[in-house]
Amino acid sequence: MTRQERHLWYDFLRAYPVKIYKQKIIGNYIADFYCHSAKLVIELDGSHHYMDEGMMQDKVRTEKLDSLGLLVIRFSNADVDGNFEGVCMAIDNIIKERTR
């Protein structure tokens, strides 16, 4: 796990009241984080995800996960570093909305 993934895991997701898995295998992919009850994949993206090849790979991956009925949300590592509380609030809101 990257530094940002560890931060999100240990300082928010690990103790979240709804079960969240880290490094979850889904088909041919490994999701950074996965919440089964919300059908939610949480991805943290480093700089290589914003280059042409990385963006194309992410598009294909997201389409495949979408076809399985999963919502994929992405945050940049910079989001976690600069707005950790906002990232946590966004995740919390989405999980609450999808588990009602």
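None of the values given here were measured: they were computed from a predicted structure. Every chain's residues receive numbers from 1 upward, in the order its sequence appears when written. Thresholds applied to this predicted model are a pLDDT of at least 70 for local features of residues and 80 or more for the giving and counting of side-chain atom pairs; totals over whole chains, interfaces and linings are not thresholded and use all residues. As a rule here, side-chain values come from all non-hydrogen atoms in the structure, and water together with hydrogens is ignored.

S.K.: I tried to follow the nonpolar core on my own but got confused; where do I start?
M.R.: In a soluble, globular protein the nonpolar side chains are often hidden away together inside. Ranked by size, the top nonpolar core spans 20 residues in total, and within it Leu 8, Leu 13, Ile 42 and Ile 91 carry the most contacts. Residue assignment for this core shows that the elements contributing at least two residues are α1 (3-13), β2 (29-35), β3 (40-45), β4 (71-76) and α4 (84-98). Runs of H or I in DSSP of at least four residues are treated as helices and runs of E of at least two as strands, each being numbered from the N terminus. Broken down by element, this core gets its largest block of residues, five residues, from α4. Excluding residues that lie within four positions of it along the chain, Leu 13 makes contacts with Leu 8, Ile 20, Phe 33, Ile 42 and Ile 91. Only buried Ala, Val, Leu, Ile, Met, Phe, Trp, Tyr and Cys residues count toward a nonpolar core, and they belong to the same one when joined by side-chain atoms within 4.5 Å. Exposed residues in this analysis have more than 50% of their type's maximum accessible area, buried residues have under 20%, and partly exposed residues fall in between, with area computed by a 1.4 Å probe over protein chains only. Formed by seven residues, the second largest nonpolar core is a distinct cluster that contains Ala 31, Tyr 34, Val 41 and Val 72. Residue contacts are defined here by distance: any two heavy atoms, one from each residue, within 4.5 Å place the two residues in contact.

S.K.: Looking at this structure, I do not really get the side chain of Glu 43. What am I missing?
M.R.: Within the fold, Glu 43 resides in strand β3. With a relative accessible area of 3%, Glu 43 lands in the buried category. Leaving out residues up to four positions away in the same chain, Glu 43 has contacts with Ile 30, Ala 31, Asp 32, Arg 61, Val 72, Ile 73, Arg 74 and Phe 75.

S.K.: Explain the pattern of salt bridges here, please?
M.R.: When charged atoms on two side chains of opposite charge get close, those side chains can pair. For this document, the term salt bridge refers to a Lys or Arg side-chain nitrogen within 4 Å of an Asp or Glu carboxyl oxygen. Summed over the entire model, instances satisfying the criterion amount to six salt bridges. A salt bridge links Arg 3 to Asp 81, with the shortest nitrogen-to-oxygen separation between them at 3.1 Å. Here Arg 3 is found in helix α1, whereas its partner Asp 81 is found in helix α3 (residues 77-82), with 78 residues between them in sequence. Ionic pairing is found between Arg 74 and Asp 45, a salt bridge with its closest N-O pair at 3.0 Å. In this pair, Arg 74 is assigned in strand β4 and Asp 45 in strand β3, connecting sequence segments 29 residues apart.

S.K.: Just checking my understanding: could you explain the pairing of β2 for this structure?
M.R.: Along any regular strand the residues' side chains alternate between the sheet's two faces. The buried fraction of β2 is high, at five of seven residues. We treat two strands as partners when DSSP finds at least two bridges between them. Alignment of strand β1 (residues 21-26) against β2, held across five bridges, turns out to be antiparallel. Within β2, the position partnered with Lys 22 by the bridge is Phe 33. Connecting β1 to the antiparallel partner β2 that follows it, the hairpin turn spans two residues, and Gly 27 within it adopts a positive phi of roughly 60°.

S.K.: Please clarify how unusual backbone geometry should be interpreted in this entry.
M.R.: Negative phi values dominate among residues other than glycine, just as trans dominates among peptide bonds. At Gln 23, a residue that is not glycine, the phi angle is positive and equals roughly 50°. Checked against the element boundaries, Gln 23 lands in strand β1. By relative accessible area, which is 36% here, Gln 23 ends up partly exposed. Positive phi is not limited to glycine here, since Lys 39 has a value of about 50°. Examined against the element boundaries, Lys 39 turns out to sit in the loop between β2 and β3.

S.K.: Is there a simple way to think about the sheet that holds β3 in this case?
M.R.: Strand order in the open sheet formed by four strands is β1-β2-β3-β4, and the pairing between neighbours is mixed. Of all the strands in the sheet, just β1 and β4 have a single pairing partner and so form its edges. In this sheet, neighbouring strand axes are inclined to one another by 45° on average, regardless of whether the strands run parallel or antiparallel. Note that β3 and β4 share six bridges and pair parallel. Every angle, taken between N-to-C directions, lies between 0 and 180 degrees, and every axis is a line fitted to C-alpha atoms, over only the stretch in contact when it is a helix.

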